[in-house]
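# Geometric and topological summary
As a plain string of letters, each chain reads:
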Amino acid sequence: MIASAGVRDRHTIGLGLGAGLCAALVLVFARSPAQAQAQKIVPCPAQQRALLSAPEIKSHQGKLRATLRVVDGIRTLWDSSANQRCATQYMRFFEGTDPANPRPWPATSDPIPGPTLRARVGDLVEITFFNQIDINHFASALDKGAAGTMEACDQYTSGGSSQGSAGNDKMPDCLHGSSTTNVHFHGTHTTPSTTGDNVLLFVRPSLGTKPRLQPSESQAHALLAPFFTKCEQSGPPKLWTDMPPAWQSLQHALLHKYDTTAPYLGHPGQLPVGMQLWPADEHQIAQKLWPQYQLGANPYCFPLPKYDPAKMRMGQAPGTHWYHAHKHGSTALNVANGMTGTFIIEGQYDDDLHHYYPNLQERVLMIQQLGTAPFPLTRGGQPPPPPPISVNGRLDPVVAMRPGEVQMWRIVNGAFRDAIEFVYFQSQSANQCGTASPPPTPPVQWRQIAQDGVQLNVANYRTFGAANSPLNLAPANRADLLVKAPAQPGNYTLCVVRNNALLVDPAATLGRPLSPSVLLTVVVGGAPVSPAMDFIPDAAFPAFPAFLKDVAQSEIRKRRWLVFGAGFNTIDDKKFMDGRVDQQMTLNTAEEWVVENQGTDKSHPFHIHINPFQILELFQPNAAQQPCPINPVDPDTFDPARTTFKPCNARILPAPWVWWDTFPIPTAHQYDISSTCTALAQCPPAVQPYAKCSSNKCSVIVNGWFRMRSRFVDFTGQYVLHCHILIHEDRGMMQLIEVTSDRTPYTHH
Amino acid sequence: MAFTWSITIVKHSGAPGFTYVPKVLKDVAVGDEIIWTNETDQPHWPGAPGNTKYFMANQIAPHSPSTTFIPSAVGTLTYKDSLTSGDPGGSIVVS
């Protein structure tokens, strides 16, 4: 693999040194000071090259079997300017193979995403995951130990004076442990526990160096084979003791080896007990909990449940989902490194589409913002220019289409930070995305058919999915589009607007959406498609699954209000805390939540795992036209938590409602109420809790919010909700939540 | 956006028994991140003249990476191992 050549060389040398004096001498001179550095400034890759596709791993006979590795290697990255400064960089990324049809990972320095996984509703996911990162290529890479402090937040030194963690953050809400990871299967409706979509796991890097990693792949596969067989028969395990004894023993031995050899304050083998891993696991196992730390490898085995009204309240929605690293403290950095991949789950939706379009070509587009050091702001630097947006590892790639062809684009916004608004296509001969508004007749047209991996109801296909409707993909959002090429051959540019919010308080100093820029180029050429293609008509639109019916008012068991802070690290004025459950729901109930945003300059993208939700109502104080008046000195016009709140039917979205798993919370607006009061005591009593006064001026911040409904069904367990601007999640804007059983334990004593 | 750069400390036959790859790290910009990776069997502690902790707070254990150093100004930074006498050291060119 060319991309990892530098890594392989290093490991080979390491082995040679251990083999004998003669070999050592040869290899020492081979590794001379004249050897070129692995990371260096290089010419920037050309733009408008063909769109790359990540290798695909498909399920067979109801089982998605894959080996997924996180590895590191040298890849070529561009600076924020996209074409002025590029460098080869050590990056951490996913690669994978189909055990039944193993093929080498593509030899490319392009930072392509991980393998595209393709399964079908009803399948069982069986993935053996390996963490094979060489920690020596990255700073402060371990959660405990190597950082050398009990705090273990990433440490940095700058200018010889300032030392500390980024932003003076404290554990666990700081950047830390970036070579420890796990996998979040974003969009899956499955168990969040044990070997399911469990983001509370910490999978540590393997011990040793390639090719002598511990555990080895062959060892792990052999020891886990009986586990997967058992999982096929009886589902995911409940307890650690359900795992094969040999696997339990191996994990114990490896964790113990780490504990007794890891460095501490620059000295190996002196790790304090409080920083050791096995004692933590041992304690959890004794409590019949799933152990948090896994060393080198972890099996994922979980169903993608097919809806069966006799057994389930909901099923897995077929659609475009994705997977990414999700270890708290390193999610943003690892997603910025490229630890993402697309997860396509097929079902009746696909059958219906392909029935109408027998030759429908699919494109999988993973949007990324790639970087190895993307957070200078957290270290006292200036606000960084945003990293450029790439698609499948290339800037402005070319998508080939035939005249008149309709393709299906499965789009994932896998960026760690920015939302991407699709605004229009234009002919490449025009100024590149320089026009402020779409051309009257966009040459390439689209219609949206699914959101966040859930197909639209045909009623929403007519409106939400109307031709060329602008769509804004917040980080983690997905959209399936039907894209239709014009009959006229030519090159057409897709213009997008990067943003942290489309509507920003005019008084805010940050947060303005950027000017339109190029995401990709469609090159239309060749023979026109025959027969002619067009957007799928309503009558042929995929049938809507019964389990995705709207969450009715009558189902609502409980209401909640959540407030995302104006900054970057609190929900309900609290940072994430280990073990503290912030929201507890009862299994198989539905709830209605109002999710608020105090920020005037950014729409925190709200994301919750396991169950999707529907947006019923939007309150956007920064919208140009208010459907109902907002009076900043009358909280009944803006605070939905008040019992006297005046509902506004004009803000309620028409049913059927679209399903989402990530939604950007509208921004807040700061109103000057100095004409009413200039000191807090002078303000009307009802306004005082909302008002801030200083220097004879008072203002009220009116939060933006949405109202959503969700069903917490089919799966108990602990998981998380969080902001999907992932640096916010890492720094504390996350809550641990729990769905508990609705059954009463009943035993006789 | 910043880049990340590595300086590897490797065994070497001449005195003092190790060296740096690259010996002169170029192309670094203000705000980039730099780490040292110790591939030897001994601890090392790259430090500035008169300031052991200029680049990192603690020594680097054998076969381990350092914490992150972020240059804050343009110039050439020189360093030597604070734990080993006779180390000719290396340099970082920040431009």
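Since we're looking at a predicted model, the values are computed, not measured. (Residues numbered from 1 in each chain as written. Chains lettered and ligands numbered in written order. Predicted model: local features only at pLDDT ≥ 70, side-chain atom pairs only at ≥ 80, totals over all residues. Heavy atoms only, no water.)

### Digging into the overall build of chain B
In terms of regular secondary structure, chain B is built from 0 helices and 9 strands. When the elements of chain B are put in sequence order from the N terminus, they spell out β-β-β-β-β-β-β-β-β. Over its C-alpha atoms chain B spans a radius of gyration of 12 Å, differing by no more than 12% from the 12 Å that the globule rule assigns to 95 residues. Counting only C-alpha atoms, chain B reaches 35 × 25 × 25 Å along its principal axes. Burial analysis of chain B (95 residues in total) assigns 59% to the buried set. Restricting the contact set of chain B to residue pairs at least 6 apart, pairs at least 24 apart contribute 57%. Carbon together with sulfur atoms contributes 54% to the accessible area of chain B, which is approximately 3400 Å² in total. (Helix = DSSP H or I, 4+ residues; strand = E, 2+ residues; numbered from the N terminus. Rg over C-alpha atoms; globule rule 2.2 N^0.38 Å. Buried < 20%, exposed > 50% of the residue type's maximum accessible area, 1.4 Å probe, protein only. Contact = heavy atoms within 4.5 Å. Areas by Shrake-Rupley, 256 points an atom, 1.4 Å probe, with all protein chains shown as cover.)

### Side note on the packing of helix α4 (residues 245-261) of chain A against helix α5 (residues 278-286) of chain A
The description of two packed helices rests on the angle between their axes and on the distance between the axes. All names here are of chain A. The geometry of α4 relative to α5 is characterised by a closest axis approach of 9 Å and an angle of 140 degrees between their N-to-C directions. Residue-level inspection shows His-252, Leu-255, His-256 and Asp-259 of α4 in contact with α5, the latter providing Trp-278, Pro-279 and Asp-281. Residue composition of the contact of α4 with α5, grouped by class: 3 nonpolar, 2 polar and 2 charged. (Axes fitted to C-alpha atoms, helices over the stretch in contact; angles between N-to-C directions. Nonpolar A, V, L, I, M, F, W, Y, C, P; charged D, E, K, R; others polar.)

### Re the packing of helix α3 (residues 217-234) of chain A against α4 of chain A
Residues and elements named next belong to chain A. Their axes nearest at 8 Å, the elements α3 and α4 cross at an angle of 140 degrees. For the element pair α3 / α4, the angle class is oblique. Contacts between α3 and α4 involve Gln-219, Ala-220, Leu-223 and Leu-224 from the first element and Ala-246, Trp-247 and Leu-250 from the second. Of the residues that constitute the contact of α3 with α4, the class distribution is 6 nonpolar, 1 polar and no charged. (Parallel < 35°, antiparallel > 145°, perpendicular 65-115°, else oblique.)

### Considering the interface of chain B and chain A
Counting residues at the interface gives 46 residues for chain B and 46 residues for chain A. Both sides of the chain B and chain A interface together cover about 3700 Å² of buried area, and 54% of this is carbon and sulfur. For the chain B face of the interface with chain A, the top three residues by lost area are Met-1, Phe-3 and Ile-70 of chain B, together amounting to 21%. Our enumeration of links across chain B and chain A arrives at 1 salt bridge. The partner of Asp-32 of chain B in a salt bridge is Arg-85 of chain A, and the shortest N-O contact between them spans 2.5 Å. At the junction of chain B and chain A, the tally comes to 12 residue pairs in polar contact (both at pLDDT 80 or more). Sorting the residues of the side of chain B that touches chain A by element identifies β1 (4-11), β2 (18-21), β3 (24-28), β4 (33-38), β6 (64-65) and β7 (68-70) of chain B as the ones contributing at least two each. (Buried area = accessible area lost by both parts, 1.4 Å probe. Salt bridge = Lys/Arg side-chain N within 4 Å of Asp/Glu carboxyl O. Polar contact = N/O pair within 3.5 Å; in protein donor to acceptor, adjacent residues only side chain to side chain.)

### With respect to the pairing of strand β21 (residues 419-427) of chain A
Residues and elements named next belong to chain A. Counting buried residues along β21, 8 of its 9 residues qualify, which places the element largely inside the surrounding structure. Pairing of β21 with strand β26 (residues 490-499), which is carried by 8 bridges, proceeds in the antiparallel orientation. The residue bridging Phe-425 from the neighbouring strand is Leu-494, located in β26. In this structure, β21 lies alongside strand β24 (residues 471-473), joined through 3 bridges in antiparallel fashion. Counterpart to Ile-420 in the pairing with β24 is Leu-473. (Pairing = 2+ DSSP bridges.)

### Brief notes about the state of the cysteines
Residues and elements named next belong to chain A. Going through the model one piece at a time under the given rule, you end up with 7 disulfides over all chains. Disulfide pairing is shown between Cys-693 and Cys-698; the S-S distance is 1.9 Å. With the S-S bond torsion at 115 degrees, the cross-link from Cys-693 to Cys-698 turns out right-handed. Given the relative accessible area of 2%, Cys-698 is considered buried. Unpaired in terms of disulfides, Cys-723 finds its nearest cysteine sulfur in Cys-174, a separation of 17 Å. For Cys-723, a relative accessible area of 0% gives the class buried. (Disulfide = S-S within 2.5 Å.)

### Describing empty space enclosed by the protein
Residue and element names in this part refer to chain A. Considering all chains together, one arrives at 3 cavities of 30 Å³ or more under this definition. Of the pockets and cavities examined, the second largest cavity occupies roughly 120 Å³. Surrounding the second largest cavity, 20 residues form its lining, Gly-187, Ile-610, Asn-611, Pro-612 and Asp-661 being those nearest its centre. Taken together, the residues that form the lining of the second largest cavity break down as 9 nonpolar, 9 polar and 2 charged. (1 Å grid on protein atoms, 1.4 Å probe; cavity = no way out; pocket = protein on both sides within 12 Å on 5 of 7 lines; lining within 4 Å. Points joined across faces, edges and corners; volume = space filled by probe spheres on them.)

### Quick word on the packing of aromatic side chains
Residues and elements named next belong to chain A. As enumerated under the stated definition, the model contains 36 aromatic pairs over all chains in all. Centroid distance Phe-185 to Phe-343: 6.2 Å. Interplanar angle 70 degrees. Geometry classified as edge-to-face. Taken together, the residues span a long stretch of sequence, with Phe-185 in strand β9 (residues 184-186) and Phe-343 in strand β16 (residues 340-346) at a distance of 158 residues. The buried category is assigned to Phe-185, whose relative accessible area is 0%. Assessed through its relative accessible area of 0%, Phe-343 is described here as buried. Ring geometry for Phe-606 and Phe-706: centres 5.7 Å apart, planes at 65 degrees, overall edge-to-face. Note that Phe-606 is positioned in strand β31 (residues 605-608) and Phe-706 in strand β38 (residues 704-712), a separation of 100 residues in sequence. Of the residues examined, Phe-606 reaches a relative accessible area of 0% and is grouped as buried. Judged by its relative accessible area of 0%, Phe-706 falls in the buried class. In textbook terms, an aromatic cluster arises when at least three aromatic residues are bridged by ring pairs, as seen for Phe-464, Phe-564, Trp-593, Phe-606, Phe-613, Trp-660, Phe-663, Phe-706 and Phe-712. (Phe/Tyr/Trp six-rings, centres within 6.5 Å; stacked < 30°, edge-to-face > 60°.)

### Some remarks on the pairing of β38 of chain A
Residue and element names in this part refer to chain A. Burial runs high along β38: 9 of the 9 residues are buried. Residue alternation in β38 divides its side chains into two sets, Gly-704, Phe-706, Met-708, Ser-710 and Phe-712 and Trp-705, Arg-707, Arg-709 and Arg-711, and both sets are buried. Judged from the 9 bridges that link them, strand β30 (residues 589-597) and β38 form a sheet pairing that is antiparallel. Bridge pairing links Thr-589 to Phe-712 in β38.

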